[in-house]
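Read off the chains here:
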Amino acid sequence: MAMGQQKDRQGDLMVSWSEMPRSPGHVFYDRLQSVLIEGGFDSFAEATCIAYYASKLGAPSVPPGRYFRMHLVGYFEGISSERGLEWRCSDSLSLREFLRLESRDRVPDHSWLSKTRSRLPHEVHAAVFDWVLALIAKAGLVQGDRIGVDASTMEANAALRNIVRRDTGEGYREMLKHLGKESGIETPTAEDLIRLDRNRKGKKLSNQDWVSKSDRMKDGTTHLAYKPEHAVDLDTGAVVAAELHPADEGDTTTLGKTLATAEASLKALDLAPTVETRAECVTDKGYHARAVLKDLDNSPWKTRISEPKQTNFSRWRGDEAARRAVTNNRVRLKSGVARAAFKLRAEIVERSFAHNLDRGGMRRTWLHGCENVRKRCLLHVAGHNLSLLMRQLIGAGTPREAVAGRYGCFCVLITPTGAVLIAQIVVIVSNEGDAVFSTLWFAILGIIENPNLMA
């Protein structure tokens, strides 16, 4: 065989469709594509979004189905930034097929994604989330009998424009202008302020000196963060409600909003709890409060909220409704059903945050505004619910899990003398598709009449 040599590249004047490079396909994305097409996802997305586009004027935008698919890729590939989404989809022929791009179409860049997200309201993203929830409900992945609720923390870039000094109430930019005038600059420009801030010594922003009215944690410290809260079906692991709250709101304040969203989602599936057929609400002790238990006592939710350890006697001051609600919840905690439910809550609800925030790349976000982050989180949770369906169909919930796995086979050989040779070959494949371990096991069974055959 002669060695091939690299020559100067010359662009082709014309290329036929049959000569275009094709991707061999990815087993995960090909199966997910068939699920979305069979469910009519593109027609549903276009019908939902058509009210927010002009009927005739203007150039065609990114198809809504392609916009939502790119965010699903962000969940499955664990990509947090929209620039990273663009690069990953441009670098893979399989993802181009998943986005349903023609040969001459380019992958939507990050600016197209940002503009589309700002154009489509939160209700459209919630409708896509409900569509995915209805899709997995048809496969029996939503029961609605036991709902576990918990919250986590999502980090974000610090917003210096929102902080002020505790002593004087002066903002960060006003402080820089004051320092610029002291250094001899009468009217400092934006470039002067940036240069001054970069070069000044002792630059510290402690919570003792600075405070923010909007970006605060539950303990009062200034820290730009968000609080995602999930309501998860403990029997299947499906997220039936995904809310995003400011990080300074306590658990007892946000529980009612999340349960209302979960009840609306279950109602659309004809699985909503009622006062006669109540569903269990399982949470940790951070949600325990008299007002919360009192409100949920006569509601469609049967509370199993862990109670914190008490050192003093409870004083009710004539509030018999609160006393009855706390007592009823305390009695439910002593059953074996409650212990099993709390074990599931610690496993399944925390798993949803691990998949969406840590592995899904949303533990830290660079989007500005709670509304934009809420839209992105809804699509990530929709991808999490689709992963449950994919695990039911092909045994893998992510593309890497679909590639990595164990492959084995049995070989049986029967000789004319009655001896049976059984061999087992097992190959374990890594996430990159390489064989990292293999083994061969065999056994000879039966009676061999002719010993010379052993040679």
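Rules used in this analysis
- Residue positions are given per chain, counting from 1 as you read along its sequence in written order.
- In keeping with the model being predicted, local features are shown solely for residues with a pLDDT of at least 70 and side-chain atom pairs are shown and tallied solely at 80 or more, while totals for entire chains, interfaces and linings include all residues.
- Heavy atoms from the whole structure form the basis of all side-chain values; hydrogens and water molecules are not counted.
- Buried, partly exposed and exposed residues are distinguished by accessible area as a fraction of the type maximum, computed with a 1.4 Å probe on protein chains only: under 20%, between the cut-offs, and over 50%, respectively.
- Put simply, DSSP marks the helices as runs of H or I at least four residues long and the strands as runs of E at least two long, and each gets a number from the N terminus on.
- Two strands are counted as paired when DSSP detects at least two bridges linking them.
- Only heavy atoms enter the contact rule, under which two residues are in contact if any of them lie within 4.5 Å.
- Under the pairing criterion, centres of Phe, Tyr and Trp rings, with the six-membered ring standing for Trp, must be within 6.5 Å; the plane angle then separates stacked pairs below 30 degrees from edge-to-face pairs above 60, leaving the rest tilted.
- Throughout this description, the term charge over a ring refers to an Arg CZ or Lys NZ atom that lies within 6 Å of the ring centre and within 35 degrees of the ring normal.
- Helix span is expected to be 1.5 Å times the residue number reduced by one.
- Angles run from 0 to 180 degrees between N-to-C directions of axes, and those axes are lines fitted to C-alpha atoms, restricted for helices to the stretch in contact.
- With respect to orientation, any angle under 35 degrees is reported as roughly parallel, any angle over 145 as roughly antiparallel, any angle of 65 to 115 as roughly perpendicular, and every other angle as oblique.
- Handedness of each helix crossing follows the sense of rotation of the near helix against the far helix: counterclockwise by less than a right angle gives left-handed, clockwise gives right-handed.
- When residues are sorted by character, Ala, Val, Leu, Ile, Met, Phe, Trp, Tyr, Cys and Pro go into the nonpolar class, Asp, Glu, Lys and Arg into the charged class, and all the rest, Gly among them, into the polar class.
- Per-residue confidence from the predictor is reported as pLDDT, which spans 0 to 100.
- When a carboxyl oxygen of Asp or Glu is within 4 Å of a side-chain nitrogen of Lys or Arg, the pair counts as a salt bridge.

Chemist: I tried to follow the pairing of strand 5 (residues 225-233) on my own but got confused; where do I start?
Modeler: Along any regular strand, the residues point their side chains to alternate faces of the sheet. Most of strand 5 sits out of view: 9 of its 9 residues are buried. Neither face of strand 5 is open: one carries Ala225, Lys227, Glu229, Ala231 and Asp233, the other Tyr226, Pro228, His230 and Val232, and all of them are buried. Where strand 1 (residues 146-151) lies against strand 5, 5 bridges are found, and the strand directions are antiparallel. By the bridge assignment for strand 5, Val149 is matched with Ala231. Between strand 5 and strand 6 (residues 239-246), which pair antiparallel and follow one another directly, the connecting turn spans 5 residues, one of which, Gly237, has a positive phi of 90°.

Chemist: Help me out: how do you make sense of the pairing of strand 6 in this one?
Modeler: Burial runs high along strand 6: 7 of the 8 residues are buried. With 7 bridges connecting them, strand 5 and strand 6 associate as antiparallel partners. Directly across from Ala231, in strand 6, lies its bridge partner Ala241.

Chemist: Honestly, the environment of Gly140 in this entry has me stumped. Any pointers?
Modeler: On the secondary structure map, Gly140 appears in the loop between helix 7 (122-138) and strand 1. C-alpha of Gly140 to C-alpha of Leu389: the two residues are 249 residues apart in sequence and 9.5 Å apart in space.

Chemist: Just to check I follow, could you spell out the side chain of Thr398 for this structure?
Modeler: Its location among the elements puts Thr398 in the loop between helix 14 (370-394) and helix 15 (399-403). Accessibility expressed as a relative area gives 14% for Thr398, which makes it buried. When near neighbours in sequence (up to four residues on either side) are disregarded, Thr398 contacts Phe28 and Arg359.

Chemist: How do you make sense of the packing of aromatic side chains when you look at a structure like this?
Modeler: Geometry of an aromatic ring pair is reported as the spacing of the ring centres plus the angle between the planes. This structure, assessed with the given rule, holds 9 aromatic pairs. A centroid spacing of 5.6 Å and a plane angle of 90° characterise the contact between Phe28 and Tyr29, whose relative ring orientation is edge-to-face. Overall, the relative accessible area of 3% leaves Tyr29 in the buried class. Judged by centre distance (5.1 Å) and plane angle (55°), the ring pair of Phe41 and Trp131 falls under tilted. Remark: Trp131 occurs in helix 7 and Phe41 occurs in helix 2 (residues 41-49); sequence separation between them is 90 residues. Phe41 sits in the buried class, given a relative accessible area of 2%. Given the relative accessible area of 13%, Trp131 is considered buried. Taken together, the ring pairs connect Phe28, Tyr29, Tyr75, Phe76 and Phe98 into an aromatic cluster. Between Arg69 and the ring centre of Phe98, over which it is positioned, the NZ or CZ distance is 5.8 Å.

Chemist: Quick question: what am I supposed to make of helix 7 here?
Modeler: Every α-helix winds through 3.6 residues per turn, so residues three or four apart in the chain are directed the same way. Between the first and last C-alpha of helix 7 there are 25 Å, a value that for 17 residues agrees with the 24 Å anticipated at 1.5 Å per step. All buried positions along helix 7 are accounted for by Val124, His125, Ala126, Val128, Phe129, Trp131, Val132, Leu133, Leu135 and Ile136. Positive backbone phi, approximately 80°, marks Gly140, located one or two places after helix 7.

Chemist: Please explain the packing of helix 1 (residues 27-38) against helix 3 (residues 64-77) as it appears in this structure.
Modeler: Relative orientation and spacing of two packed helices are given, respectively, by the angle between their axes and the distance between those axes. Remark: helix 1 packs on helix 3, axes separated minimally by 13 Å, with the N-to-C direction vectors making an angle of 140°. Classified by the interaxial angle, the pair formed by helix 1 and helix 3 is oblique. For the crossing formed where helix 1 meets helix 3, the hand is right-handed. Contact residues: helix 1 offers Phe28, Tyr29, Leu32, Gln33, Leu36 and Ile37, while helix 3 offers Arg69, Val73, Phe76 and Glu77. Across the contact of helix 1 with helix 3, the residue classes break down as 7 nonpolar, 1 polar and 2 charged.

Chemist: How should I be thinking about the confidence of the model for the protein in this particular structure?
Modeler: The predicted coordinates should not be examined in detail at positions where pLDDT is low. When pLDDT is averaged along the protein, the result is 83; 78% of the residues meet or exceed 70. Considering only residues more than four positions removed or in separate chains, one finds that residues 430-437, a stretch of pLDDT under 50, has 15 contacts.

Chemist: Just checking my understanding: could you explain the side chain of His384 for this structure?
Modeler: With respect to the element layout, His384 can be found in helix 14. Ignoring sequence-local partners within four residues, the contact set of His384 consists of Tyr75, Gly237, Val239, Ser352, His355 and Asn356.

Chemist: Could you clarify how one ought to interpret the packing of helix 13 (residues 336-359) against helix 14 in this entry?
Modeler: Contact geometry for helix 13 and helix 14: axes closest at 10 Å, N-to-C directions at 120°. Viewed along their axes, helix 13 and helix 14 adopt a mutual orientation that is oblique. The chirality of how helix 13 crosses helix 14 is right-handed. The residues of helix 14 that touch helix 13, namely those facing Ser352, His355 and Asn356, are His380, Val381 and His384. Residue composition of the contact of helix 13 with helix 14, grouped by class: 1 nonpolar, 5 polar and no charged.

Chemist: Can you walk me through the pattern of salt bridges in this structure?
Modeler: If the charged atoms of two oppositely charged side chains come close together, the side chains can form a pair. Applying the stated criterion across every chain, the model contains 17 salt bridges. Note that Asp42 is salt-bridged to Arg100, the shortest N-O span being 3.0 Å. Residue Asp42 is located in helix 2, and its partner Arg100 is located in the loop between helix 5 (93-98) and helix 6 (110-119); the two are separated by 58 residues in the primary sequence. Accessibility expressed as a relative area gives 16% for Asp42, which makes it buried. One salt bridge in this structure joins Asp109 and Arg106, with 3.8 Å as the shortest N-O distance. Its relative accessible area of 48% is what places Arg106 among the partly exposed residues.

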